[in-house]
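Residue-level structural notes
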Amino acid sequence: MKFRPLHDRVLVRRLEGEEKTAGGIIIPDTAKEKPMEGEIVSVGSGSRDESGKLQPLDVAKGDRVLFGKWSGTEVKIDGEELLIMKESDILGVVEGAVAKKKAA
């Protein structure tokens, strides 16, 4: 199924949290916090300003973003749990070496 968010909304896939602590202790699923980092899967067309002009979003598909712990609405699309949120719920984009290091 294809899904495209409307207006200033984005579709985000949460990135998996850490499985172990720095000391090597394995964290059980029941004790894990939901990660506040994700990858943008799809973006809407943007919002309209007072004059009706379309304002494109600052984020794009593939960007790694940070968002608030309780941001967005959880949805299940094709068996995968994703989040739909407004662009304003995104705190920032992870860029450069940090994003590459975490991707490895």
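Here we summarise the structure given alongside this text. (Residues numbered from 1 in each chain as written. Predicted model: local features only at pLDDT ≥ 70, side-chain atom pairs only at ≥ 80, totals over all residues. Heavy atoms only, no water.)

**So, the pattern of salt bridges**
If charged atoms from side chains of opposite charge come close, those side chains can pair. What counts here: When a carboxyl oxygen of Asp or Glu is within 4 Å of a side-chain nitrogen of Lys or Arg, the pair counts as a salt bridge.
Evaluated as defined, the whole model comprises four salt bridges. Connected through shared salt-bridge partners, R13, E39 and E80 make up one network.

**Considerations on the sheet that holds strand β1 (residues 9–14)**
Applied cut-off: Following DSSP output, two strands are said to pair if at least two bridges run between them. Numbered from the N terminus, helices here are DSSP runs of H or I no shorter than four residues, and strands are runs of E no shorter than two. For every element, the axis is a line fit to its C-alpha atoms; helices are fit only across the contacting stretch, and the angle between N-to-C directions ranges from 0 to 180 degrees.
Across the sheet, which stays open at both edges, the six strands sit in the order β6-β7-β1-β2-β5-β8 with antiparallel pairing between neighbours. At either margin of the open sheet sits one strand with a lone partner, and together these are β6 (73–77) and β8 (90–94). Strand-to-strand twist in this sheet, taken as the mean axis angle between neighbours without regard to direction, amounts to 45°. As paired strands, β1 and strand β2 (residues 37–43) are joined by five bridges and run antiparallel to one another. Bridge assignment links R14 to a residue of β2, and that residue is G38.

**Quick word on the side chain of E37**
Formally: Categorising residues by exposure relies on relative accessible area from a 1.4 Å probe, with only protein chains included: less than 20% of the type maximum marks a residue as buried, more than 50% marks it as exposed, and the intermediate range marks it as partly exposed.
If you trace the backbone, E37 turns up in strand β2. Residue classification places E37 among the buried residues on the basis of a relative accessible area of 11%.

**Observations regarding the nonpolar core**
For clarity, the cut-off: Here, the term nonpolar core denotes a set of buried Ala, Val, Leu, Ile, Met, Phe, Trp, Tyr and Cys residues that are joined through side-chain atoms within 4.5 Å. Contact criterion: two residues are considered in contact whenever any of their non-hydrogen atoms come within 4.5 Å of each other.
Ranked by size, the top nonpolar core spans ten residues in total: V10, V12, I40, L57, V59, V65, F67, L83, M85 and I90. Of all the secondary-structure elements, those providing two or more residues to this core are β1, β5 (64–67) and β7 (80–86). If we skip the residues at most four places from it in the chain, L57 touches H7, D8, R9, V10, V43, G44, G46 and E87.

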